[in-house]
Amino acid sequence: MARDLNVLGEPLTPCCHAPKTGFYRDGFCRVGPDDVGVHSVCAMLTEEFLAFSLAQGNDLVTPRPEFGFPGLRPGDRWCLCASRWLEAAEVGLAPPVILSGTHQKTLDIIELVTLRRHALDAVH
């Protein structure tokens, strides 16, 4: 199996292990054939983004123990759907991203220059 790469063409680094994130709940923003939402953007959540997501019908705040979902707070890192992150960016509400933890598949949806403008980690 090929190694997962980030948007910088380097090995993908973990996004978050507490809470455990990623479509596959392995801490990485990996993308596979089952992930039709492309949960590829490693982001540090903000209160503004969480409110935006809720208004779009995706409640990321309320715990759902039956699904092993703890509910998220500002400051948590989470693998977001690339299209939702882009929607938020278009209205000025995108949370900062961690490029090293953002899967290269993101580049099919979001331009690297846009991600770099929102990057928390060093941009080279």
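Owing to the predicted nature of the structure, the values given are computational and were not obtained by experimental measurement.

### Side note on the confidence of the model for the chain
- Residue-level pLDDT values for the chain average 94, and 96% of them are 70 or greater.
- Here helix α3 (residues 112-117) is the element of the chain with the lowest mean pLDDT, 96, and strand β1 (residues 39-44) is the one with the highest, 98.

### Regarding the environment of arginine 30
- When you line up the elements, arginine 30 lands in the segment before β1.
- Looking at arginine 30, the relative accessible area reads 24%, which means it is partly exposed.
- Taking the C-alpha atoms as reference, arginine 30 lies 6.3 Å from histidine 103; in sequence the two are 73 residues apart.
- For arginine 30, the side chain forms a polar contact with the side chain of aspartate 4, separated by 2.5 Å.

### Some words on the layout of surface pockets
- Considered as a void within the structure, the largest pocket measures approximately 400 Å³ in volume.
- Broken down by secondary-structure element, the contributors of at least two residues to the lining of the largest pocket are α1 (47-55) and β2 (77-81).
- Tallying contributions element by element places β2 first for the lining of the largest pocket, with four residues.
- Tallied by class, the residues present in the lining of the largest pocket amount to nine nonpolar, six polar and four charged.

### Observations concerning the pattern of salt bridges
- Scanning all chains against the criterion turns up five salt bridges.
- Arginine 30 is paired through a salt bridge with aspartate 26; the nearest N and O atoms lie 2.6 Å apart.

### Overview of the nonpolar core
- In terms of nonpolar packing, the biggest core is built from 22 residues, with Val41, Leu80 and Trp85 touching the most fellow members.
- Those elements that place two or more of their residues in this core are β1, α1, β2 and α2 (82-90).
- In this structure leucine 80 touches Val38, His39, Ser40, Val41, Ala43, Leu45, Phe49, Leu60, Trp85 and Pro95, once residues within four positions along its chain are discounted.
- Judged by nonpolar contacts, the second largest core, of five residues, contains Cys15, Cys29, Cys42 and Ile98.

### As for unusual backbone geometry
- Of note, the amide linkage connecting alanine 18 to proline 19 takes the cis form, showing an omega dihedral of 5 degrees.
- Structurally, the position occupied by proline 19 is in the segment before β1.
- The phi angle at arginine 25 is positive, at roughly 50 degrees, despite the residue not being glycine.
- Since its relative accessible area comes to 40%, arginine 25 is described here as partly exposed.
- Residues other than glycine seldom take positive phi values, yet valine 38 does so here, at roughly 50 degrees.
- Examined against the element boundaries, valine 38 turns out to sit in the segment before β1.

### Re α1
- Taken together, the buried positions of α1 are occupied by Phe49, Leu50, Phe52 and Ser53. The arc that holds the buried residues of α1, viewed along the axis, is 160 degrees, so those residues lie on one side. Facing away from the buried side of α1 by over 90 degrees, the exposed positions are Glu47 and Ala55.
- Packed against the buried residues of α1 are β2 and α2.

Definitions and cut-offs
The residue count restarts for each chain, going from 1 along the sequence in the order it is written. Confidence filtering applies because this is a predicted model: local features only for residues at pLDDT of at least 70, side-chain atom pairs given and counted only at 80 or more, and all residues used for totals across whole chains, interfaces and linings. Only hydrogens and water are set aside when side-chain values are computed; all heavy atoms of the structure are taken into account. Confidence of the predictor at the level of single residues is captured by pLDDT, which takes values from 0 to 100. Numbering of helices and strands starts at the N terminus; helices are DSSP runs of H or I of at least 4 residues and strands are runs of E of at least 2. Burial classes: relative accessible area under 20% of the type maximum marks a residue as buried, over 50% as exposed, and values in between as partly exposed (1.4 Å probe, protein chains only). Under the rule applied, a polar contact is a pair of N or O atoms within 3.5 Å (in protein, one hydrogen donor and one hydrogen acceptor; residues adjacent in sequence only if both atoms are side-chain atoms). We place a 1 Å grid over just the protein atoms. Points where a 1.4 Å probe fits but has no way out form a cavity, open points with protein on both sides within 12 Å along at least 5 of 7 lines form a pocket, and any residue with an atom within 4 Å of a point lines it. Grid points are joined across faces, edges and corners, and a volume is the space filled by probe spheres set on the points. Residue polarity is assigned by list, with Asp, Glu, Lys and Arg as charged and Ala, Val, Leu, Ile, Met, Phe, Trp, Tyr, Cys and Pro as nonpolar; anything else, Gly included, falls into the polar class. Here a salt bridge means any side-chain nitrogen of Lys or Arg lying within 4 Å of a carboxyl oxygen belonging to Asp or Glu. Residues grouped as a nonpolar core are buried Ala, Val, Leu, Ile, Met, Phe, Trp, Tyr and Cys residues, joined through side-chain atoms within 4.5 Å. Between two residues, a contact is recorded if the distance between any of their heavy atoms is within 4.5 Å. Our arc is simply the arc of the directions from the helix axis toward the C-beta atoms.

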